[in-house]
Amino acid sequence: MAVSPPNPLCLPACSLAVLQEQQNGPGCYAGWGQLCLGCLEHRHPNWPNQPSVEPRSWREAFKQHYLASKTWTKTTQDLDSSNCLSLFRRRKGRRQLCVGAGGEFGSLRAALAAASPYDRLVLLPGVHEEQSEVLLKVPVEVVGQGKLGDVAVLVSIDQHCPTARLCNVVFMPARFTSVLYKTTSGYVQFDNCNFENGQLQIQAPGTCQVKFCTFSQSSIHLRSMALCILQNCEFTGSENASVTVEGCPSSDRNWACKHLAALAKCCAVSMWEPDQAGCPVANRDGWGESLLGPVKTCEIVVGEERSSFISAAGAQAMVGSAQEDTEFGENLRAAKEEEEEYPDLDSDSSDSDLHSDDEEDAQAVYKLPYQAHSLSHTFADITDSRLQSNRLHALQKDLKLKSLQHELQQDKEAQSLANSLQGCIIRQCLFRDGKGGIFIYSRGQAKLEGSIFRDLTYAVRCIQNSKVIMLRNDIHHCKASGIFLRLSAGGLIADNNIHSNCEAGVDIRKGANPLVLCNKIHSGLRSGIVVVGNGKGIIRSNQIYGNKEAGIYILYNGNPAVSGNHIFQGLAAGIAVNENGRGQITGNVIYENQWGGVDIRHGGDPVLRNNLISCGYSDGVVVGEHGKGLIEGNTIYGNKGCGVWMMSSSLPHLINNQISHNSIYGVAVFCHKDDAGDYPPGQGGSESFQEEREGAGGENDPDSEEEYPAAQHPISVALVELNSINHNGAAGLHVKSSEALNIIANVIHANRDGGVAVLQSSQLTYIANNSISCNSRGGVLVEADCQVELRGNGIYANSSHGIVSKGEGVIAENDIIGNHRCGLQLLHAADMKVTKNRIQSFRDYGIALFDEAKGLVQENLIFQGRSKKSILRPVSNKEDCIIQNNMLLTFKKRFDMECMLVNPPARPHLEGGAPVSCTAAGGQRVSSITTRVDGPCHNHGSFFCTIL
């Protein structure tokens, strides 16, 4: 027997749509969008952020809206066993009461007095005003008739019933209060309402659901919410925070919380959609628009695809063949200095091409087997293009930017935070043109998904042990910082697009400790992320680019863990660590920044480990005045300035880094002090960190927080140890220092000037157990008035003299073999003790003394070359220069020659120590690149950086 359908004219639009699905079947999608938009209860599913974008399914969107609109009626399911069952049970034939001119009741107060539970009060078009507070004592539904805006209510409502719903009404404040609506126990649902110049107050165990509402100069204050939902709302013109979340989530949960939790899960914003832009990450922001104009640089390939780490049209890719390596040698032509001991070379020398063809056969008889020393295997590694290709592939795999999905799979804490449903959930809302977005304090908790914050003073402030979870929001053009965390606040900030803010994108201070994962933080007018005043945090897998100041700025005892980020195209430093800042900075890709890739100064003491720092327009790493830190296992290459720039008043520990193909020096140490007022942008002094007072109360003094511990790697002398410094555009290691320096067990190879140049050293420069080879000029140069100790080094096959010294000190137990000019030259007023060295020169003297050189030359072993030149004695200064007990050897057979550097083995020989590797620690390796060098620096400092 067929049942006739209900009369459609008697049903609201939602019920009519459900009836249509029952009649036509679930496959009928015609008219779903029209039905959805025709409902008074809600607006376009993507309003207010993307109202022009169609939902994936109008039918599914309508279904979710329909289910959400009925949440307020579900309280009866919890009251079946109640003695008041007759009071709260929803009756099938609930009444509809009309309020207003021409209706049954003249006022809202009168209608509420006559209403039964779950009655529907229809407000007729017009203005409904009440002169005193209205108490809502029974569950009712209040709906405005007509279009939104036809019905205005000037009233303050205090809810004292378990549930209520208000729809299609404009709320304005009564004359006696700014509170529009408040509840302390019940559940209230607002659908498609406007709130003007007033405030909603919801206190636990009460809760609310607010959908498709507009707040104009209005706000919501939520206190101790266990769970509430704000969805598809627009907030404009706020004078303070639009949404305030106060207090720890209540354990006394309202009956509606379980229904809201189910609703929140089924309506969650999808977090797993891949970025449709295909991500040339450096060229594009989150919306696919070009960020910066064209820039000239080299291309880096990280990951399986060529991600455009900004590549100019004519830029060369990574070299992958010996031919390309030769092209690099041709393009890297160092400027020649006018020094008698460093004459101009007729041709550029490379790693393997150090001798002319007509000399090779003759020299082979006298060539010593120094390639057997303990660091010699690295020479082949440096020049073997196949090994370079393998290193590049390993580097691509290690440093590929990770997705949020991957991060959440690896990090259970982050996964738990992302899936949590507690406190206030804010989804797909728009906050604009006001002072504040969300303010969370006093252990409050909020979760923000898919919302837009723009043109505010700040987007989110989270303080006082509160927690914020932010997923896939867009935060831009804030007048201060976008996201601000302090006073032990925490949470998860993941997959957001944070850009174009006037201060920092994310500001972390005073013990705040958030997880900051997989965000795009770019185009800011100051820094990308600031960690200050004992702030902590885990900053991982973010793209930080195009910021006017440092990508990440750490100072005043800030101590974050920064790993796996790509930090590029900043207009200042990539990472700046200043004013006693610390931090664990590991595994980041830092490139194409205008100033230092990493800048450390004024007590900054980070651990900088296993990073790729490349293609910067200045130096790779800058350690300025009073900078400290452990700089270990990094790959520093292709920078337009120096690989590492250090001041002699700093105390870094530079260990096991690969420093190559930088345009000027590999490592440079300078002694002059900087102009204290000359601050490069974003590298000290210019960032303001004054403390504001929060509306929720005062703050602790940052000085009262944890004491700054002693450095983890305390050293009293700057240390350069176990590094591979090769193929740089000027000297491998350039020293002009006023303090002591230790240079130990490095490979200094194939640089386009000398290996080590000590131009100023008022205190001792200790150079021990290094391999200094195949450099385009001499191995070691020591200028007048410098104090050095050269001990246990292997100085091989350099294109000029092995060692040239005009200073004073000790040259002991070195192997000085196969250099193109003299093994050792002492010039001017040099005063050196030269003992127990093994010296050989093919074309010139083993030891040559000129001018007023003096000292002691004894117990050296000199292998004579074809020229038979051994020691050139001074004529006018014999009494001040003692030459005694030296041994001269001439080889007759090749067998004799092969035995000479066996006992002890060819230096450097590291007893009980691991030989240095040309690869960065942690499996990070790098190939050489093809780029053009602008020439060495002639002002004894970086011409890119003016250090503080």
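These numbers come from a predicted model, not from an experiment.

A. Here's a closer look at the overall build of the protein. In terms of helices and strands, the protein carries 13 helices and 73 strands. Across the 948 residues of the protein, 59% fall into the buried class. Once local pairs closer than 6 in sequence are excluded, the contacts in the protein between residues at least 24 apart make up 55%. In the structure as shown, the protein presents an accessible area of about 35,700 Å², 48% of it carried by carbon and sulfur atoms.

B. Looking closely at unusual backbone geometry. Cis geometry is found at the peptide bond from A204 to P205, where omega equals 5 degrees. Tracing the sequence through the fold places P205 in the loop between β13 (199-203) and β14 (207-211). Of the consecutive residues N903 and P904, the connecting peptide bond is found in the cis state with omega at -5 degrees. The topology assignment puts P904 in the segment after α13 (894-899). In this structure, S442 is a non-glycine residue whose phi angle is positive, near 55 degrees. Structurally, S442 is set in the loop between β21 (430-441) and β22 (445-449). With a phi close to 60 degrees, D495 is a non-glycine residue in the positive phi region. Given the relative accessible area of 25%, D495 is considered partly exposed.

C. Expanded view of the side chain of Q445. With respect to the secondary-structure elements, Q445 resides in strand β22. When its relative accessible area of 9% is taken as the criterion, Q445 is described as buried. Those residues in contact with Q445, other than ones at most four positions away along the chain, are V245, G247, P249, S420, Q422, G423, C424, I440, K467 and I469.

D. Layout of helix α12 (residues 412-419). All buried positions along α12 are accounted for by A414, L417 and A418. With its buried residues spanning 100 degrees around the axis, α12 presents them on a single face. Those residues of α12 that are exposed and angled more than 90 degrees off the buried face are K412 and N419. In this structure, the buried residues of α12 make contact with α11 (404-410), β22, β24 (467-471), β27 (490-494) and β30 (513-517). The backbone nitrogen of E413 lies 3.0 Å from a side-chain oxygen of the residue at the head of α12, namely D411.

E. Inspection of the pairing of strand β29 (residues 506-509) at higher detail. Alternating positions in β29 separate into two faces, V506 and I508 on one and D507 and R509 on the other, with burial throughout. Relative to β29, strand β26 (residues 483-485) runs parallel, the two sharing 3 bridges. Bridge pairing in β29 links I483 to V506. Pairing of β29 with strand β32 (residues 529-532), which is carried by 4 bridges, proceeds in the parallel orientation. Looking at β32, one finds that R509 is bridged to V532.

F. Looking closely at the environment of Y66. Here Y66 lies in helix α3 (residues 58-69). Take Y66: its relative accessible area is 22%, and that puts it in the partly exposed class. Separated by 27 residues in sequence, Y66 and C39 place their C-alpha atoms 9.7 Å apart.

G. Geometry of the pairing of strand β2 (residues 119-123). Across the 5 residues of β2, 5 count as buried, placing the element largely inside the fold. On β2, burial covers both faces: D119, L121 and L123 on one face and R120 and V122 on the other are all buried. By the bridge criterion, 4 bridges tie strand β1 (residues 96-99) to β2 in an arrangement that is parallel. Counted as the bridge partner of C98 is V122 from β2. With respect to chirality, the unit in which β1 leads through helix α5 (residues 108-114) into the neighbouring parallel β2 is right-handed.

H. Layout of the packing of aromatic side chains. On inspection of all chains with the given rule, the structure shows 15 aromatic pairs. A ring pair is formed by F215 and F235, whose centres lie 4.5 Å apart and whose planes are at 10 degrees; its orientation type is stacked. Residue F215 is located in strand β15 (residues 214-216), and its partner F235 is located in strand β18 (residues 234-236); the two are separated by 20 residues in the primary sequence. Each of the two residues, F215 as well as F235, counts as buried. With 4.8 Å between their ring centres and 5 degrees between their planes, Y545 and F568 make a pair best called stacked. One end of the pair, Y545, is in strand β34 (residues 543-545); the other, F568, is in strand β37 (residues 566-568), with 23 residues separating them in the sequence.

I. Seen up close, helix α6 (residues 257-266). Restricting attention to buried positions, one finds in α6 the residues C257, H259, L260, A261, L263 and A264. Close packing links the buried residues of α6 with α3, β11 (187-191), β14, β17 (227-231) and β20 (423-427).

J. Broad picture of the nonpolar core. Counting residues in hydrophobic clusters, the biggest one holds 132 residues, and the most contacted among them are F190, L222, V460, L485, I529 and I575. With 5 residues, the single largest contributor to this core is strand β23 (residues 452-462). Those residues in contact with V460 that lie beyond four places of it in its chain are I438, I440, L448, F453, V468, M470, G482, I483 and F484. Y187, C257, L260 and A264 belong to the second largest nonpolar core, which has 16 residues in total.

K. Region of the structure containing the pattern of salt bridges. Within this structure, the stated rule accounts for 26 salt bridges. The closest approach of N and O atoms between D411 and R540, which form a salt bridge, is 2.9 Å. Residue D411 is located in the loop between α11 and α12, and its partner R540 is located in strand β33 (residues 538-540); the two are separated by 129 residues in the primary sequence. Residue classification places D411 among the buried residues on the basis of a relative accessible area of 14%. Through salt bridges that share partners, R94, R120, E141, R165 and D191 make up one connected network.

L. The arrangement of the environment of G755 in detail. Its place among the elements puts G755 in the loop between β55 (747-749) and β56 (756-761). When the C-alpha positions of G755 and L781 are compared, they lie 8.2 Å apart, and in sequence the two are 26 residues distant. Beyond its immediate sequence surroundings of up to four residues, G755 is in contact with A731, G732, L733, I748, I772, N775, G778 and G779.

M. Seen up close, the confidence of the model for the protein. Looking at the protein, the pLDDT average stands at 78 and 70% of residues meet or exceed 70. Every residue in residues 77-91 is under pLDDT 50, and counting partners more than four places away or in other chains gives 19 contacts. Below pLDDT 50 for its whole length, residues 910-948 participates in 154 contacts with residues either more than four positions away or in separate chains.

N. Here's a closer look at a negative patch on the surface. On the surface, a cluster of negative charge is contributed by D785, E808, D831, D851, E852 and D880. Residue position: D831 is located in strand β66 (residues 831-835).

O. Representation of the state of the cysteines in the model. Taken as a whole and judged by the stated rule, the model has 0 disulfides. Cysteine C228 is unpaired, with the sulfur of C424 as its nearest cysteine sulfur at 3.7 Å. Taking relative accessible area as the criterion, C228 reaches 0% and is therefore assigned buried.

P. The side chain of K211, seen in detail. Looking at where K211 falls in the secondary structure, it is placed in strand β14. Although buried, K211 forms no salt bridge, and the nearest oppositely charged side chain, D191, lies 5.9 Å from it. Once residues within four sequence positions are removed from consideration, K211 is found in contact with H65, A68, F190, D191, N192, Q231, N232 and C233.

Q. Quick peek at the environment of P162. Relative to the helices and strands, P162 is located in the loop between β7 (157-159) and β8 (163-167). A relative accessible area of 22% means that P162 is categorised as partly exposed. P162 sits 22 residues away from V140 along the chain, and the two C-alpha atoms are 10.0 Å apart.

Calculation notes
Residues numbered from 1 in each chain as written. Predicted model: local features only at pLDDT ≥ 70, side-chain atom pairs only at ≥ 80, totals over all residues. Heavy atoms only, no water. Helix = DSSP H or I, 4+ residues; strand = E, 2+ residues; numbered from the N terminus. Buried < 20%, exposed > 50% of the residue type's maximum accessible area, 1.4 Å probe, protein only. Contact = heavy atoms within 4.5 Å. Areas by Shrake-Rupley, 256 points an atom, 1.4 Å probe, with all protein chains shown as cover. Arc of directions from axis to C-beta. Polar contact = N/O pair within 3.5 Å; in protein donor to acceptor, adjacent residues only side chain to side chain. Pairing = 2+ DSSP bridges. Right-handed = clockwise from strand over helix to strand, strands pointing away. Phe/Tyr/Trp six-rings, centres within 6.5 Å; stacked < 30°, edge-to-face > 60°. Core = buried A, V, L, I, M, F, W, Y, C linked by side-chain atoms within 4.5 Å. Salt bridge = Lys/Arg side-chain N within 4 Å of Asp/Glu carboxyl O. pLDDT = per-residue confidence, 0-100. Patch = residues over 30% accessible without salt bridge, like charges linked within 9 Å, V, L, I, M, F, W, Y side chains within 5 Å. Lys, Arg positive; Asp, Glu negative; His and termini not counted. Charge placed at Lys NZ, Arg CZ, Asp CG, Glu CD. Disulfide = S-S within 2.5 Å.

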